[in-house]
Amino acid sequence: MTPERKIPERRSRKARRTRDTLAQAAFELVLDRGLRNVTVEEIAEAADVDRRTFSRYFTSKEAAALDSLRGDGDRINAALRARPAPEPPLLAYRRAVLDWLADPGAEPWHRRPRIFDLLVVAEEEPTLYAVFHHIRVDAQEDSVAIIADRLGVDPRQDIRPAVTVAAGAGALLAAQAAWVRGGRPDALPALVAEAFDALSADLLGEPRPAPERHLDAPERHPGAPEQHRGITSTTSTAEEAEGTEATS
């Protein structure tokens, strides 16, 4: 390796270390003190750099605090590229997500310290959630390109790659939201599998009728019999109708 080549590589490593140090400082300060109680200047000071250096790497304290999540989309997309070509696109996306969750080396969310806490804060802080949304969108754009390549189509002309990724990413987002609100940091893989199962089974099958509520029904008082609740099941009505037809 020539000395000329070593210099850019050394600078690149130094820049990466500076970015990581800033991101870690933001991550810890936001979790320890709350987003609104942390300033960009305090993050820069904790990383032993000035405000100008911070602005060279990040546009906001939210972007710095969430920077550790940006690589997760890359890891999922790497797993997606590695899936066997014959797999249907949505199945490939599902298995890529589960591969990421099962790989300790990839440090998925439920194995990485305090990521659960960070996503809880993101659910509560609109500006933090907005940045998280943009991180997801960036990853999904790459996923669309990968699916389009698997199908041999142009994603600008064929809507299937975008639909596949929207469905898969939606299942992952629903699982993540349930994970954060459920308060069980170890439950993420099971929730992701459940979300994809719902997507591929329940929601693609025949819809089941929902109970029908009659707004003019009397209010049920404690101790009142069940028939005064004011809810009529459409399933029971359908069964009664079938029985009437059978006997007529």
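Residues numbered from 1 in each chain as written. Predicted model: local features only at pLDDT ≥ 70, side-chain atom pairs only at ≥ 80, totals over all residues. Heavy atoms only, no water.

1. Structural notes on a positive patch on the surface
Now for step 1: Where like charges cluster on the molecular surface, the positive patch consists of Arg10, Arg11, Arg13, Lys14 and Arg17.
Now for step 2: With a relative accessible area of 52%, Arg17 lands in the exposed category. (Patch = residues over 30% accessible without salt bridge, like charges linked within 9 Å, V, L, I, M, F, W, Y side chains within 5 Å. Areas by Shrake-Rupley, 256 points an atom, 1.4 Å probe, with all protein chains shown as cover. Salt bridge = Lys/Arg side-chain N within 4 Å of Asp/Glu carboxyl O. Lys, Arg positive; Asp, Glu negative; His and termini not counted. Charge placed at Lys NZ, Arg CZ, Asp CG, Glu CD. Buried < 20%, exposed > 50% of the residue type's maximum accessible area, 1.4 Å probe, protein only.)

2. A word on helix α9 (residues 160–182)
Now for step 1: Taking 1.5 Å per residue as the helical rise, α9 with its 23 residues ought to reach 33 Å, and the 33 Å between its terminal C-alpha atoms agrees with that figure.
Now for step 2: Taken together, the buried positions of α9 are Pro161, Thr164, Val165, Gly168, Ala169, Ala171, Leu172, Ala175, Gln176, Ala177, Trp179 and Val180.
Now for step 3: Residues of α9 that are buried in the fold lie against α5 (67–82), α6 (89–102), α7 (115–124), α8 (126–151) and α10 (188–200).
Now for step 4: Following α9 by one or two positions, Gly183 has its phi on the positive side, about 75 degrees. (Helix = DSSP H or I, 4+ residues; strand = E, 2+ residues; numbered from the N terminus. Expected span 1.5 Å × (residues − 1). Contact = heavy atoms within 4.5 Å.)

3. Considerations on unusual backbone geometry
Now for step 1: Phi angles above zero are rare outside glycine, and Asp48 is one such case at about 65 degrees.
Now for step 2: Its location among the elements puts Asp48 in the loop between α2 (40–46) and α3 (51–57).
Now for step 3: A positive phi is found at Glu107, a non-glycine position, where the angle reads about 50 degrees.
Now for step 4: Looking at the element boundaries, Glu107 is found in the loop between α6 and α7.
Now for step 5: Using a relative accessible area of 42% as the deciding quantity, one classes Glu107 as partly exposed.

4. Digging into the packing of α7 against α8
Relative orientation and spacing of two packed helices are given, respectively, by the angle between their axes and the distance between those axes.
Now for step 1: Close contact between α7 and α8 brings their axes to 5 Å; oriented N to C, the two are set at 110 degrees. In this view, α7 runs roughly perpendicular relative to α8, as classed from their interaxial angle. Seen along the crossing, α7 lies across α8 with a hand that is left-handed. Mapping the contact onto sequence places Leu119, Val121, Ala122, Glu123 and Glu124 in α7 and Pro126, Leu128, Tyr129 and Phe132 in α8.
Now for step 2: Looking at the contact of α7 with α8 residue by residue, the class counts come to 7 nonpolar, no polar and 2 charged. (Axes fitted to C-alpha atoms, helices over the stretch in contact; angles between N-to-C directions. Parallel < 35°, antiparallel > 145°, perpendicular 65-115°, else oblique. Left-handed = near helix turned anticlockwise from the far one by under 90°. Nonpolar A, V, L, I, M, F, W, Y, C, P; charged D, E, K, R; others polar.)

5. Some remarks on empty space enclosed by the protein
Now for step 1: Taken as a whole and judged by the stated rule, the model has 1 cavity of 30 Å³ or more.
Now for step 2: The volume enclosed by the largest cavity comes to roughly 240 Å³.
Now for step 3: Elements that contribute at least two residues to the lining of the largest cavity include exactly α5, α8 and α9.
Now for step 4: Of all the elements, α8 adds the most residues to the lining of the largest cavity, at 6 residues.
Now for step 5: Of the residues contributing to the lining of the largest cavity, the split by class is 10 nonpolar, 5 polar and 2 charged. (1 Å grid on protein atoms, 1.4 Å probe; cavity = no way out; pocket = protein on both sides within 12 Å on 5 of 7 lines; lining within 4 Å. Points joined across faces, edges and corners; volume = space filled by probe spheres on them.)

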